[in-house]
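Analysis of the macromolecular model
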Amino acid sequence: MPIRTQNDLPAKAILEHENIFVMDENRSTHQDIRPISIGILNLMPLKEATELQLLRSLSNTPLQVDVTFLTVGSHESKNTSKTHLNNFYEKIEDVYDRYFDGLIITGAPLEQMPFEEVEYWDEMCKIFEWTKTHVTSTLHLCWGCQAGLYYRYGIDKYDLDEKKFGVFPHQVLNRKIPLVRGFDDVFYAPHSRHTGVRTEDIEACEDLVVCAKGEEAGVFLCMSKDGSNIFVMGHPEYDRYTLDSEYKRDLGKGLEIAMPENYYPDDDPEQKPLLQWRSHGNILYSNWLNYYVYQNTPYEWNKISEK
């Protein structure tokens, strides 16, 4: 899949070095193709790392994807330069009159804070409402997943006794659901969170379908029955060293943190971490784009019915 980005986005050179087809703005304007328009509401502090991870994940289908990076207007990022934000991001309040085929809402380092105390919670509520009429399918990740479940279905999170940190197995529950087409019976995915959502609360919601869960990590993947909202509790987009960086960062700060589980060979943090989730992460994003975005979105975007 060609990913369309701004000509000078820093992630573009890295992706091209990895033989990922990235199309710049000039070339895309000369193609008579209706690209899939995907917004990425990036709430992570280190935005450039998240950009790279998500662009990799979106690059594995033959569809042409036009990516717009978005940020909230009611919070100022302190970990990404203003120059980068000004050059490559739009405030989501400035695109409320536009329609997107798909939207990704990332995680955020806010999980131990009540939703109503989050600085930009009111704006998040407005965003969730806007997606009902302006987005075909929304993919919620980690804190974005918990926030979406809370706002849309009233399902609240709870504090874990200890951080869920590492790479955990999950089992596919229903192979007939296109979202998990191509998955193995058991697959792995990274988690890094201090809170969780109770499996029984999700299963009790009539509008939600649980697609995959694990004994250790709980529900990993669920969705609304119409596919307009997809919820991913972990981080299938993480690269090999993301958990390693988090672990060594916290150790360097003197914080109490356990070694990520099922991650380092022989639990030796000096060894190269095992990459056990990349293929299923790619399949997940490809299935979302194909079955819930491309095949459901109108060719001419005017208005979609409220979901």
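Residues numbered from 1 in each chain as written. Predicted model: local features only at pLDDT ≥ 70, side-chain atom pairs only at ≥ 80, totals over all residues. Heavy atoms only, no water.

1. Points about the pairing of strand S8 (residues 158-172)
Note: S8 against strand S9 (residues 186-196), 10 bridges, orientation antiparallel. Residue pairing in the sheet places Pro169 in a bridge with Tyr188 of S9. Here S8 runs beside strand S10 (residues 208-214); their pairing, made up of two bridges, is antiparallel. Looking at S10, one finds that Val172 is bridged to Ala212. (Pairing = 2+ DSSP bridges. Helix = DSSP H or I, 4+ residues; strand = E, 2+ residues; numbered from the N terminus.)

2. So, unusual backbone geometry
Phi angles above zero are rare outside glycine, and Asn262 is one such case at about 55°. Looking at the secondary structure, you find Asn262 in the loop between helix H8 (242-252) and helix H9 (278-294). Residue classification places Asn262 among the partly exposed residues on the basis of a relative accessible area of 37%. Positive phi values are uncommon outside glycine, yet Asp267 reaches one of about 55°. Considering the arrangement of structural elements, one finds Asp267 in the loop between H8 and H9. What makes Asp267 partly exposed here is its relative accessible area of 47%. (Buried < 20%, exposed > 50% of the residue type's maximum accessible area, 1.4 Å probe, protein only.)

3. Some details on H8
Within H8 the residues assigned to the buried category are Thr242, Leu243, Asp244, Glu246, Tyr247 and Asp250. Among the structural elements, helix H3 (47-57), S8 and S9 are those in contact with the buried residues of H8. Just beyond H8, the residue with positive phi is Gly254, at close to 80°. (Contact = heavy atoms within 4.5 Å.)

4. As for the confidence of the model for the protein
Averaged over every residue, the pLDDT of the protein is 88; the share at 70 or more is 86%. Residue range residues 303-307 is modelled with pLDDT below 50. Its contacts to residues more than four positions away, or to other chains, number 15 contacts. (pLDDT = per-residue confidence, 0-100.)

5. Here's the deal with the nonpolar core
Ranked by internal contacts, the top residues of the largest apolar core, which has 36 residues, are Ile38, Ile104, Leu179, Leu221 and Trp288. When residues in this core are grouped by element, the largest group, six residues, is from H9. Those residues in contact with Ile104 that sit more than four places away from it in its chain are Ile38, Gly39, Ile40, Leu41, Leu54, Leu58, Leu139, Leu141, Tyr285 and Trp288. Leu103, Trp121, Cys125 and Trp143 belong to the second-largest nonpolar core, a separate cluster that totals 24 residues. (Core = buried A, V, L, I, M, F, W, Y, C linked by side-chain atoms within 4.5 Å.)

6. Side note on the side chain of Lys157
Looking at the element boundaries, Lys157 is found in the loop between helix H6 (143-153) and S8. Although Lys157 lies buried, it forms no salt bridge, and the closest oppositely charged side chain, Asp156, sits 6.1 Å away as judged by the N-O distance. Engagement of the side chain of Lys157 in a polar contact is seen with the backbone oxygen of Glu111, the distance being 2.4 Å. For Lys157, the side chain forms a polar contact with the main-chain oxygen of Met113, separated by 2.8 Å. Ignoring sequence-local partners within four residues, the contact set of Lys157 consists of Leu110, Glu111, Gln112, Met113, Phe115, Trp143, Gln146, Thr195, Gly196 and Val197. (Lys, Arg positive; Asp, Glu negative; His and termini not counted. Salt bridge = Lys/Arg side-chain N within 4 Å of Asp/Glu carboxyl O. Polar contact = N/O pair within 3.5 Å; in protein donor to acceptor, adjacent residues only side chain to side chain.)

7. Let's talk about a negative patch on the surface
Taken together, Asp161, Glu162, Glu215, Glu216, Glu261, Asp266 and Asp267 make up a surface patch of like negative charges. Looking at where Glu261 falls in the secondary structure, it is placed in the loop between H8 and H9. (Patch = residues over 30% accessible without salt bridge, like charges linked within 9 Å, V, L, I, M, F, W, Y side chains within 5 Å. Areas by Shrake-Rupley, 256 points an atom, 1.4 Å probe, with all protein chains shown as cover. Charge placed at Lys NZ, Arg CZ, Asp CG, Glu CD.)

8. Brief notes about the packing of aromatic side chains
Inspection of every chain in the model, using the stated rule, returns 17 aromatic pairs. Ring plane angle 80° and centroid distance 6.4 Å describe the contact between Tyr120 and Trp143, whose orientation is recorded as edge-to-face. Note that Tyr120 is positioned in the loop between strand S6 (100-105) and helix H5 (121-134) and Trp143 in helix H6, a separation of 23 residues in sequence. Each member of the pair, Tyr120 as well as Trp143, carries the same accessibility label: buried. An aromatic cluster is present here, built from Phe115, Tyr120, Trp121, Phe128, Trp143, Tyr150 and Tyr151 joined pairwise through their rings. Above the face of the Phe168 ring, Lys164 is positioned so that its terminal group lies 5.1 Å from the ring centre. The side chain of Arg198 reaches across the aromatic face of Tyr158, ending 4.1 Å from its centre. (Phe/Tyr/Trp six-rings, centres within 6.5 Å; stacked < 30°, edge-to-face > 60°. Lys NZ or Arg CZ within 6 Å of the ring centre and 35° of its normal.)

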